[in-house]
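Coordinate inspection notes
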Amino acid sequence: MVALLKFLGVTVLLAVAAIFNGWVLSILWGWFFVPILGLPVIGVAQAIGIAIVVGYLTHQRRKTQEGDHAEEVAYIVAQPLFALLAGYIVKSFM
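Residues numbered from 1 in each chain as written. Predicted model: local features only at pLDDT ≥ 70, side-chain atom pairs only at ≥ 80, totals over all residues. Heavy atoms only, no water.

Observations concerning the packing of helix α2 (residues 44-58) against helix α3 (residues 69-91)
Interaxial distance between α2 and α3 falls to 9 Å at its minimum, and their mutual angle equals 170 degrees. In this view, α2 runs roughly antiparallel relative to α3, as classed from their interaxial angle. Between α2 and α3, the contacting residues are Ala45, Ile48, Gly49, Ile52 and Tyr56 on the first element and Gln79, Pro80, Ala83, Ala86, Gly87 and Val90 on the second. When the residues that make up the contact of α2 with α3 are grouped by side-chain class, the tally is eight nonpolar, three polar and no charged. (Axes fitted to C-alpha atoms, helices over the stretch in contact; angles between N-to-C directions. Helix = DSSP H or I, 4+ residues; strand = E, 2+ residues; numbered from the N terminus. Parallel < 35°, antiparallel > 145°, perpendicular 65-115°, else oblique. Contact = heavy atoms within 4.5 Å. Nonpolar A, V, L, I, M, F, W, Y, C, P; charged D, E, K, R; others polar.)

Digging into the nonpolar core
Residues Ala45, Ile48, Ile52, Ala83, Ala86 and Val90 constitute the largest nonpolar core, which totals six residues. Of all the elements in the fold, those that place two or more residues in this core are α2 and α3. Filtering out sequence-adjacent residues up to four positions away, Ala45 remains in contact with Val90, Phe93 and Met94. (Core = buried A, V, L, I, M, F, W, Y, C linked by side-chain atoms within 4.5 Å. Buried < 20%, exposed > 50% of the residue type's maximum accessible area, 1.4 Å probe, protein only.)

Quick look at the layout of surface pockets
Taken as a whole, the largest pocket spans an internal volume of roughly 850 Å³. Taken together, 24 residues form the lining of the largest pocket, with Leu14, Ala18, Ile52, Phe82 and Ala86 sitting closest to its centre. Secondary structure elements with two or more residues in the lining of the largest pocket: α1 (2-37), α2 and α3. Counting residues per element, the lining of the largest pocket draws most heavily on α1, which supplies nine residues. (1 Å grid on protein atoms, 1.4 Å probe; cavity = no way out; pocket = protein on both sides within 12 Å on 5 of 7 lines; lining within 4 Å. Points joined across faces, edges and corners; volume = space filled by probe spheres on them.)

Comments concerning the packing of α1 against α2
Relative to each other, α1 and α2 sit at 100 degrees, their axes nearing to 7 Å. Compared by their axis directions, α1 and α2 come out roughly perpendicular. Residues Ala18, Ile19, Gly22, Trp23, Leu25, Ser26 and Trp29 of α1 lie in contact with α2, whose contacting residues are Val44, Ala47, Ile48, Ile50 and Ala51. Of the residues that constitute the contact of α1 with α2, the class distribution is ten nonpolar, two polar and no charged.

Some thoughts on the side chain of Ser26
Structurally, the position occupied by Ser26 is in helix α1. Residues contacting Ser26, with those up to four places away along its chain left out, are Ile42, Gly43, Val44 and Ala47.

What to know about the confidence of the model for the protein chain
The predicted model of the protein chain has a mean per-residue pLDDT of 84, with 91% of residues at 70 or higher. Confidence, expressed as mean pLDDT per element, reaches its minimum in the protein chain at α3 with 77 and its maximum at α2 with 90. (pLDDT = per-residue confidence, 0-100.)

In structure tokens:
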């Protein structure tokens, strides 16, 4: 039961963090990219989507323990799937 509560707490925290980061990015986008580059204003959902793409492309993974190939293979498969799932969820709000 404690593990489930921890999992739910972390999930809620990640969702709130994504929304907050998207809100901040949408404001910064409006302050800098709109007037300087003439780009359109973006909403929070679009900002979260941009953050997902940038994070997916720039994420640096720490090395796993020597010989732990199963974890590395799982990460290689899971990272793009997670990015795709997160992007799909955010896209549904656009």
